[in-house]
Structures are given as C-alpha cells and as structure tokens.
Amino acid sequence: MSVSEPATGAAPVSGHAGLPPEAKAELDEIRRRYPTNEAALLPALHIAQKVWGGWLPDEAIQAVARELDLAPAKVYGVVTFYDLYHQKPVGRHRIRVCTNLSCQLRGSEEIMETLHQELGVGEDEVTPDGRVSYVHFECLGSCDTAPMMMVDETYQENLTPDRVRQILKGLK
Ligand code: FES
C-alpha cells in the first residue's frame, strides 16, 4: 500500500457520499498503526485525495472528518496548511514557479508568461488534457540558481523560456 503519492490529474470523481469500501479498508489498516485518529489524518487525506481524483472537494473533507470522528474545521485547517493537499483539481504534473526576490530579479515573470503561452491556461488552472497545472510559489531555497521552478518533485534551475519549453515537452 502506498499513500505517499496521491494520484493527480484524473477527472474528479463525483457521487462519493463517503469513502468507498476499498478506501475504508485502507484507512482501517492505517488507523491500526497510529495512536490516535488525529495522527492518522495526513495519510487519511492522501487516501481521500486518490479517491477524488487528485483533489479534495468539500465532500471528501467531510468524509474524512466523519471517518476519523474529527471536527471538519480541524480537517480543513490541515488541508489548507499543507501544499500536498489540493482544494481544486490539479494537473498530473504540478509546476511551482518561485517568484521571490532572486528569481524575480532574474526573470521569473518571463517564466510564468512562457508557461501561460505554452500551456494555454492561467495560473492554477489545468490544461484540458489534465496534464499540467502551475502556480507561483514562495522561495524554494535555490536562489543561487534563479530563476527556478519545481516540476513535481524535481528542481529545474537556471531557467530560460527555451528551457521551459523543452521541459514541458518532456511531460507526458
Ligand atoms: S528566490 Fe527563488 S529559490 Fe529563492
């Protein structure tokens, strides 16, 4: 069982009043390994995010709260705190462009513009084929190689518009 990598980019799944039986079984297994329901919340959200096609609509958050007997506000708080959880659909590949000072001075705006032109969608939108979404982000700690962006879990550094185009071509 793997709960560390949520599936992203699939069409949002609708019609789940709660977690389906397989997901409940997965969650039961996890709960056995954690001392409290609250401690099991992060992996539970990963499970729900897989079920709902890579993001967590309100009904998914409510379902997790019910399963773990936690206040929905608590679950919302965790979802909004962690970048790993999404409250809107995301692409199969997620791009985070650093727009903090060093990257800004070295062309992050041009990088964002290149993404917009090449993908044909705005920030925080998903390409029609579900392949990519992108957002701007705070400093990712690689200021000496600005401008940079993170593609899924990989740092792409010293970017130019041409390099961005090349990277996008490699994303399936
Ligand atoms: S300012 Fe962009 S990585 Fe730090």
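The shown structure was predicted, so the numbers you read here are calculated from the model rather than taken from an experiment. Throughout this description, residue numbers start from 1 for each chain and increase along the sequence as written. A pLDDT threshold of at least 70 governs which residues receive local features in this predicted model, and a stricter bar of 80 or more applies before side-chain atom pairs are shown or counted, although totals over entire chains, interfaces and linings include all residues. Hydrogen atoms and water are omitted, and side-chain values are computed over all heavy atoms in the structure.

Draft legend 1. The arrangement of the overall build of the chain in detail. The helix and strand labels rest on DSSP assignments: H or I over at least four residues marks a helix, E over at least two residues marks a strand, and numbering proceeds from the N terminus. Of the regular secondary structure elements, the chain holds seven helices and four strands. Overall, the chain shows an N-to-C arrangement of helices and strands of α-α-α-α-β-α-α-β-β-β-α. Seen through its C-alpha atoms, the chain measures out along the principal axes to roughly 50 × 30 × 25 Å. Within the chain, the fraction of its 172 residues that count as buried is 47%. Long-range contacts, defined here as pairs at least 24 residues apart, represent 64% of the contacts in the chain between residues at least 6 apart. Throughout this description, buried means an accessible area under 20% of the type-specific maximum (1.4 Å probe, protein chains only), exposed means over 50%, and partly exposed covers the range between. We call two residues in contact when some of their heavy atoms are within 4.5 Å.

Draft legend 2. Expanded view of the packing of aromatic side chains. Here a pair means two rings of Phe, Tyr or Trp (six-membered ring of Trp) with centres within 6.5 Å. Their orientation is stacked below 30 degrees between planes, edge-to-face above 60, and tilted elsewhere. Applying the stated rule across the entire model yields two aromatic pairs. With centroids separated by 5.0 Å and ring planes inclined at 85 degrees, the aromatic side chains of phenylalanine 81 and tyrosine 82 adopt a geometry described as edge-to-face. Taken together, a centroid distance of 6.2 Å and an interplanar angle of 85 degrees make the contact between tyrosine 82 and tyrosine 85 edge-to-face. According to the relative accessible area criterion, tyrosine 82 is partly exposed, its value standing at 33%. One aromatic cluster in this structure is built from Phe81, Tyr82 and Tyr85. The ring of phenylalanine 137 carries the charged tip of arginine 96 above its face, separated from the ring centre by 5.5 Å. Distance and angle both matter: a charge sits over a ring if NZ of Lys or CZ of Arg is within 6 Å of the ring centre and within 35 degrees of the ring normal.

Draft legend 3. How the structure looks around the pattern of salt bridges. For salt bridges, the criterion is a side-chain nitrogen of Lys or Arg within 4 Å of an Asp or Glu carboxyl oxygen. Applying the stated criterion to the full structure yields 11 salt bridges. The shortest N-O distance in the salt bridge between glutamate 118 and arginine 165 comes to 3.1 Å. Here glutamate 118 is found in helix H6 (residues 108–119), whereas its partner arginine 165 is found in helix H7 (residues 161–169), with 47 residues between them in sequence. Here the residues in one salt-bridge network are Glu29, Arg32 and Arg33, joined through shared partners.

Draft legend 4. Just the pairing of strand S1 (residues 93–98), in detail. In terms of burial, S1 is largely enclosed, as six of its six residues are buried. Neither face of S1 is open: one carries His93, Ile95 and Val97, the other Arg94, Arg96 and Cys98, and all of them are buried. A strand pair is defined by DSSP finding two or more bridges across the two strands. Pairing of S1 with strand S2 (residues 132–137), which is carried by six bridges, proceeds in the parallel orientation. Within the sheet, the bridge partner assigned to valine 97 lies in S2 and is histidine 136.

Draft legend 5. Broad picture of a nonpolar patch on the surface. Taken together, the side chains of Leu42, Phe81, Tyr82 and Leu84 make up a nonpolar region of the molecular surface, amounting to roughly 400 Å² of accessible area. Summarising the element assignment, tyrosine 82 is placed in the loop between helix H4 (72–81) and S1. Note that patches include only residues with greater than 30% relative accessible area and no salt bridge, and the join distances are 9 Å for like charges and 5 Å for nonpolar side chains (Val, Leu, Ile, Met, Phe, Trp, Tyr). Methods summary: accessible areas were calculated by the Shrake-Rupley approach with a probe of 1.4 Å, and residue burial reflects only the protein chains presented.

Draft legend 6. Quick peek at the nonpolar core. By size, the foremost hydrophobic cluster in this structure holds 24 residues, and its most contacted members are Leu41, Leu45, Leu56, Val64 and Val75. Setting aside chain neighbours within four positions, we find leucine 56 in contact with Leu45, Ala48, Gln49, Ile61, Val79, Tyr85, His86 and Gln87. The criterion is simple. A nonpolar core is a set of buried Ala, Val, Leu, Ile, Met, Phe, Trp, Tyr and Cys residues joined through side-chain atoms within 4.5 Å. Formed by 16 residues, the second largest nonpolar core is a distinct cluster that contains Val97, Leu115, Tyr134 and Val151.

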